[in-house]
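# Tertiary structure, described
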Amino acid sequence: MATHTPTRPRQARPHPVATRTPDSHSFATRPYDLVKEFVVALAVVALLTAALAAVFSSPDERSITMSGWAQAAPADVVATATSELAGTSVSATYGAPYNTASEGQKVLGIPLQKWGGVRIPVDSAALVLDPLTRAAADAPTKAALAAWRSAPAGTRTAWATAYGDALAKAPDGNPAAVASGSYGPVPVLAQSFLAVARSGGLEGQLAASGNFYGGDQTRTILLLSDGAYLEDTARAQQLGGDQWGMMNETGNYPGQPWMWLYTFWYQVAPFSTSDNADAQVWGLMMVLTLGLMFLPLIPGLRDVPRLVPVHRLIWRDWYREHPPVRRDRPAPKTGDEPGR
């Protein structure tokens with residue numbers, strides 16, 4: 001006898017609730033003046049920037065000019081002009097790229113500076129004679145220039161060297177207190193050079209030499225740096241080489257902090273006492289740069305982050321929330337296992 005199993009009636013599925021994006025006008029609104037807020041924010045930021053700049057910005061020191069140098073240190077201008085004529089100034093004895101007066105900087109005995117060659121030839125005497133020639137010189141100056149040019153090279157050097165030695169012995173280097181001697185036209189040339197510098201006629205004279213646009217300041221900087229005034233002014237502003245000058249602006253204001261690694265080596269031996277410090281520091285920085293570039297390939301150094309996990313201290317919150325997963329090794333198989 002066949003049996004009949006009653007079936008349950010199929011229940012209708014509920015219709016899905018229709019979803020729609022709410023209308024933005026259904027929410028509460030309020031007026032908002034975007035232009036007014038922009039103007040207010042701009043004014044606040046501008047005032048805040050001006051106030052912070054006035055309190056914390058670095059000082060705006062005026063640049064050193066030739067006329068300022070002549071007004072502040074006339075004896076230094078005369079001494080510098082004399083050393084240029086004698087060929088004993090710093091730039092005159094520097095070597096490449098200005099002249100062949102010295103071997104220059106070396107690294108492990110390799111004369112890199114000499115190999116670079118004389119690319120910017122500078123005649124130290126011309127730093128003084130050229131501006132005097134271009135200026136509307138008076139009769140004594142013209143006569144001094146003619147006497148200088150007509151004399152042999154050895155005589156010129158003897159005149160300028162003797163006058164430079166006499167200036168060094170004079171009280172405070174005062175040209176008026178120099179003892180009499182055989183100096184030729186050098187005192188007249190030096191005093192005329194001082195007069196041109198004081199009048200402002202020296203500004204731009206050296207920069208225009210050999211340069212159509214007049215923007216090459218090489219000779220101007222060399223002449224100024226051959227004197228003592230520039231260095232004395234820099235040291236007064238804590239900008240000397242042994243004062244970490246490359247890292248500072250004037251005074252105690254911070255400058256370029258990214259230069260600390262470079263300037264650091266000038267403060268320690270043997271670089272602090274070496275005549276080749278510039279080349280040696282440059283070579284060391286090249287070695288350190290190559291070491292940084294190839295760090296992933298150098299055994300030992302590349303393992304430092306793993307051996308000294310400073311990053312785990314910095315990112316300790318992340319490592320606390322994501323502990324490392326231990327992967328246990330499977331137990332070794334034995335001969336009793338099935339299928340062995």
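Refer to the structure above for everything that follows.
Residues numbered from 1 in each chain as written. Predicted model: local features only at pLDDT ≥ 70, side-chain atom pairs only at ≥ 80, totals over all residues. Heavy atoms only, no water.

Within this structure, the stated rule accounts for three salt bridges. The closest approach of N and O atoms between Glu103 and Lys114, which form a salt bridge, is 3.3 Å. Of the two residues, Glu103 sits in the loop between helix 3 (74–86) and helix 4 (112–116) while Lys114 sits in helix 4, which places them 11 residues apart along the sequence. You can call Glu103 partly exposed: its relative accessible area is 38%. The partly exposed category is assigned to Lys114, whose relative accessible area is 47%. A salt bridge links Arg306 to Asp303; its shortest N-O distance comes to 4.0 Å. Arg306 sits in the exposed class, given a relative accessible area of 59%. (Salt bridge = Lys/Arg side-chain N within 4 Å of Asp/Glu carboxyl O. Helix = DSSP H or I, 4+ residues; strand = E, 2+ residues; numbered from the N terminus. Buried < 20%, exposed > 50% of the residue type's maximum accessible area, 1.4 Å probe, protein only.)

Before going further, it helps to spend a moment on the side chain of Ser83. Relative to the helices and strands, Ser83 resides in helix 3. With residues up to four places along the chain from it excluded, the contact list for Ser83 reads Thr88 and Ser89. (Contact = heavy atoms within 4.5 Å.)

This brings us to the side chain of Gln105. Within the element layout of this structure, Gln105 appears in the loop between helix 3 and helix 4. One polar contact links the side chain of Gln105 to the main-chain carbonyl oxygen of Asp275, over a distance of 2.8 Å. From its side chain, Gln105 meets the backbone nitrogen of Ala279 in a polar contact 3.2 Å long. Setting aside its immediate chain neighbours within four residues, Gln105 contacts Ile110, Pro111, Leu112, Gln113, Asp275, Asn276, Ala277, Asp278 and Ala279. (Polar contact = N/O pair within 3.5 Å; in protein donor to acceptor, adjacent residues only side chain to side chain.)

Here the focus is the nonpolar core. A general trend in soluble globular proteins is that nonpolar side chains are found buried together. Ranked by internal contacts, the top residues of the largest apolar core, which has 40 residues, are Leu85, Trp148, Tyr163, Leu189, Phe193 and Leu223. Of all the secondary-structure elements, those providing two or more residues to this core are helix 2 (66–72), helix 3, helix 5 (126–134), helix 6 (139–150), helix 7 (153–169), helix 8 (186–198) and helix 9 (218–226). With seven residues, the top contributor of residues to this core is helix 8. Among residues more than four places away in sequence, those in contact with Leu189 are Leu85, Leu129, Leu132, Ala144, Leu145 and Trp148. (Core = buried A, V, L, I, M, F, W, Y, C linked by side-chain atoms within 4.5 Å.)

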